[in-house]
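Coordinates in review
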Amino acid sequence: MESEHKWSTLGETCYITDGAHAKVERQESGVLYLTSKNFSVGSLKLDKVDYISEEDFSKLFADTKKSQRKLRDGDVLTGIIGTFGNVYRYTEDDHFGISSSVAILRPNQEILNSDFLYYVLTSQSFKATVEAYKGGSVQGYTNIATLKVLPIPLPDISIQTNIVAHLKALDQKIQLNRQTNQTLEQMAQALFKNWFVDFDPVIDNALAAGNPIPEPFTKRSEVRKALLDKTLPEEQRVLFPSEFEETEELGWVPKGWKITPFIKIIDKYIDNRGKTPPLVEVGIPLVEVKNMIDGEPFPNLDTKKRVTMETFNTWFRTHLEKKDILISTVGTIGRTSIVANTNFGIAQNVLGLRFGKKVTSEYMFYTIKAHRFQYDMDARLVTTVQSSIKRKDLNTIPILKPPFELLEEFSSICDNNLKFQFQKKMEIGTLTKLRDTLLPKLISGELRLPETDSVHKKTSDTAT
């Protein structure tokens, strides 16, 4: 179907400017001051941020006839120095200033819906248009003059609203699934900390039995005294001892729990040949460190690096199995994922770990994530061109080994959570592909969708 949309330009439909050009003093607190590095597609990256004073913020981001840099609900922001395409829609809940590396696009709301503009700017077709207009200019840089002449589709505002409703319904379901998975992951980590770091059930049992509490747990025991009516069910409580004992390696630990070097509890290491296999455009994914994302239990298999089935079957010494654990050992050390879908290979900077005979995979997955294990790895790093950790050094890390019956109880809880998280991850993939397929067809006018009343039911049915 041929496009029926009219076309215009960003300059004709938006007021366009950029952030502050003046040098401004950074502070440790105050108003957030963001650069293009702080923007991702649809979200903010606030792990490394700067702040400015309220006085400087008011001065730099005024709302006058000469300067309209004070951000408003509906402004669409995009990096113009650095990778173009990290687009964010400013809302009334936001409060920050921006540097000149970020452009402000303020649409004329009578003819251009802010959310529609956001979707246009995030589309691959628009990014290709930007590259064509840049015509060989410095990579990663797009100026305001170029932005103003870029063409965009401009359907009737009612059509824009309908398109936005369909796409936002998909995005909201994707976001809900992500939030569900984040909550489940936080719950699993909290349970691990409660049982195997803070030892709350052991403290509870010791208090109930009148046994002494070691000095490091005195403050914790005061908290637990007020919660004795909220202890574990009997079938779980009896899996924990009621006493502590002091060890040379880890200090005070629950009595009877063993401390074992890593080499004694791992069943098998899995890796490739130590170099990059021959790659193809279509095939089986090759997981690298960047595919192991903090806060997500499973590796991201949406990667351009792939191998043929023949390479997959012959290159890798051992194929991964479900519940194997991945850990990054070069560059960014200590990222970890657990295997739910086994149809992928791993790069040379990723190591596979197999457990199950002496400790459960789920217990080791959260043990590796924990601060103590990460600290022990940092203490054993080898630093040359890049930091790395060797197997022989991993092998020496002391591991707290509770009774296997307790580990099975913990793992049964985590296993149910992980299965549900994997289901949600698959739904996210399906919904994302649907959105990415619809996006270019809708904004170009190639495809028309029904009115918005039916979209919520369709989206809900897709994810059920």
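Residues numbered from 1 in each chain as written. Predicted model: local features only at pLDDT ≥ 70, side-chain atom pairs only at ≥ 80, totals over all residues. Heavy atoms only, no water.

Examining the overall build of the protein
- Looking only at helices and strands, one finds 16 helices and 24 strands in the protein.
- Principal-axis analysis of the C-alpha atoms gives the protein an extent of 75 × 60 × 50 Å.
- Split into buried and exposed, the 464 residues of the protein put 47% on the buried side.
- Excluding contacts between residues fewer than 6 apart, the proportion of contacts in the protein whose partners are at least 24 apart in sequence is 73%.
- Counting every atom, the protein has about 23900 Å² of accessible surface; 50% of that belongs to carbon and sulfur. (Helix = DSSP H or I, 4+ residues; strand = E, 2+ residues; numbered from the N terminus. Buried < 20%, exposed > 50% of the residue type's maximum accessible area, 1.4 Å probe, protein only. Contact = heavy atoms within 4.5 Å. Areas by Shrake-Rupley, 256 points an atom, 1.4 Å probe, with all protein chains shown as cover.)

As for the confidence of the model for the protein
- Of the residues in the protein, 93% have a pLDDT of 70 or more, and the chain-wide mean is 89.
- Mean pLDDT across the secondary structure elements of the protein bottoms out at helix H16 (residues 455–463), with 48, and peaks at strand S24 (residues 398–401), with 97.
- Ignoring residues within four places in sequence, the model shows residues 452–460, a span with pLDDT below 50, making twelve contacts including any to other chains. (pLDDT = per-residue confidence, 0-100.)

As for the sheet that holds strand S10 (residues 102–107)
- The sheet built from four strands is open, its strands ordered S2-S10-S7-S8 with antiparallel pairing. Every other strand in the sheet has two partners, leaving strand S2 (14–18) and strand S8 (87–89) as the edge strands with one partner each. Neighbour-to-neighbour, the strand axes of the sheet open up by a mean angle of 20 degrees, direction not taken into account.
- The pairing of strand S7 (residues 76–79) with S10 spans four bridges and is classified as antiparallel. Paired with Gly79 across the strands is Val102, a residue of S10.
- Along the sheet, helix H3 (residues 114–122) makes contact with S2, S7, S8 and S10, crossing S8 at roughly 170 degrees. (Pairing = 2+ DSSP bridges. Axes fitted to C-alpha atoms, helices over the stretch in contact; angles between N-to-C directions.)

Quick word on the nonpolar core
- Counting 46 residues, the largest nonpolar core has Phe262, Leu353 and Met364 as the members making the most contacts within it.
- Not counting residues within four places of it along the chain, the set of residues in contact with Met364 comprises Phe262, Ile265, Ile325, Phe355, Val359 and Ile399.
- Core analysis: the second largest hydrophobic core is formed by 34 residues, Ile16, Val87, Leu170 and Ile428 among them. (Core = buried A, V, L, I, M, F, W, Y, C linked by side-chain atoms within 4.5 Å.)

A few points about the environment of Glu110
- With respect to the helices and strands, Glu110 occurs in the loop between S10 and H3.
- In this structure, the C-alpha to C-alpha distance between Glu110 and Thr13, residues 97 residues apart in sequence, is 9.5 Å.

Considering the pairing of S7
- Residues Val76 and Thr78 of S7 are buried on one face, and the alternating residues Leu77 and Gly79, pointing to the opposite face, are buried as well.
- As paired elements, S7 and S8 share three bridges and run antiparallel to each other. When the bridges of S8 are listed, Thr78 appears paired with Val87.

Details of the packing of aromatic side chains
- Under the defined criterion, the tally for this structure stands at 27 aromatic pairs.
- Geometrically, the ring pair formed by Phe196 and Phe410 is edge-to-face, given 5.3 Å between the ring centres and 85 degrees between the ring planes. One end of the pair, Phe196, is in helix H6 (residues 157–196); the other, Phe410, is in helix H15 (residues 404–444), with 214 residues separating them in the sequence. We note that Phe196, like Phe410, is buried.
- Feature note: the residues Phe192, Trp195, Phe196, Phe199, Phe217, Phe240, Phe244, Trp257, Tyr363, Phe365, Tyr366 and Phe410 constitute an aromatic cluster, connected by ring pairs. (Phe/Tyr/Trp six-rings, centres within 6.5 Å; stacked < 30°, edge-to-face > 60°.)

Focus: the side chain of Ser328
- Along the chain, the position of Ser328 falls in strand S18 (residues 325–328).
- Among the polar contacts made by the side chain of Ser328, one reaches the main-chain carbonyl oxygen of Thr332 at a distance of 2.7 Å.
- From its side chain, Ser328 meets the backbone nitrogen of Arg335 in a polar contact 2.8 Å long.
- Ignoring anything within four residues of it in the chain, the contact list for Ser328 reads Val289, Met292, Ile333, Gly334, Arg335 and Asn349. (Polar contact = N/O pair within 3.5 Å; in protein donor to acceptor, adjacent residues only side chain to side chain.)

Some points on the packing of helix H12 (residues 361–369) against H15
- H15 packs onto H12 with a crossing angle of 80 degrees between their chain directions and a minimal axis gap of 8 Å. Compared by their axis directions, H12 and H15 come out roughly perpendicular. On H15, the residues that touch Glu362, Tyr363 and Tyr366 of H12 are Leu407, Phe410, Ser411, Cys414, Asp415 and Leu418.
- Counted by class, the contact of H12 with H15 contains six nonpolar, one polar and two charged residues. (Parallel < 35°, antiparallel > 145°, perpendicular 65-115°, else oblique. Nonpolar A, V, L, I, M, F, W, Y, C, P; charged D, E, K, R; others polar.)

Regarding the pattern of salt bridges
- One pass over the full model with this rule turns up 30 salt bridges.
- Between Asp50 and Arg26 there is a salt bridge, with its nearest N and O atoms 3.2 Å apart. With a gap of 24 residues between them, Asp50 in strand S6 (residues 50–52) and Arg26 in the loop between S2 and strand S3 (31–34) connect regions that are remote in the sequence.
- Residue classification places Asp50 among the partly exposed positions, given a relative accessible area of 31%.
- For Arg26, a relative accessible area of 40% translates into the label partly exposed.
- For Asp200, the salt bridge identified is with Arg220, shortest N-O distance 2.6 Å. One end of the pair, Asp200, is in helix H7 (residues 200–209); the other, Arg220, is in helix H8 (residues 218–225), with 20 residues separating them in the sequence.
- On the basis of relative accessibility, which here comes to 30%, the residue Arg220 falls in the partly exposed class.
- Each of the salt bridges in this network shares a partner with another, and the network as a whole consists of Lys193, Asp198, Asp200, Asp204, Arg220 and Arg224. (Salt bridge = Lys/Arg side-chain N within 4 Å of Asp/Glu carboxyl O.)

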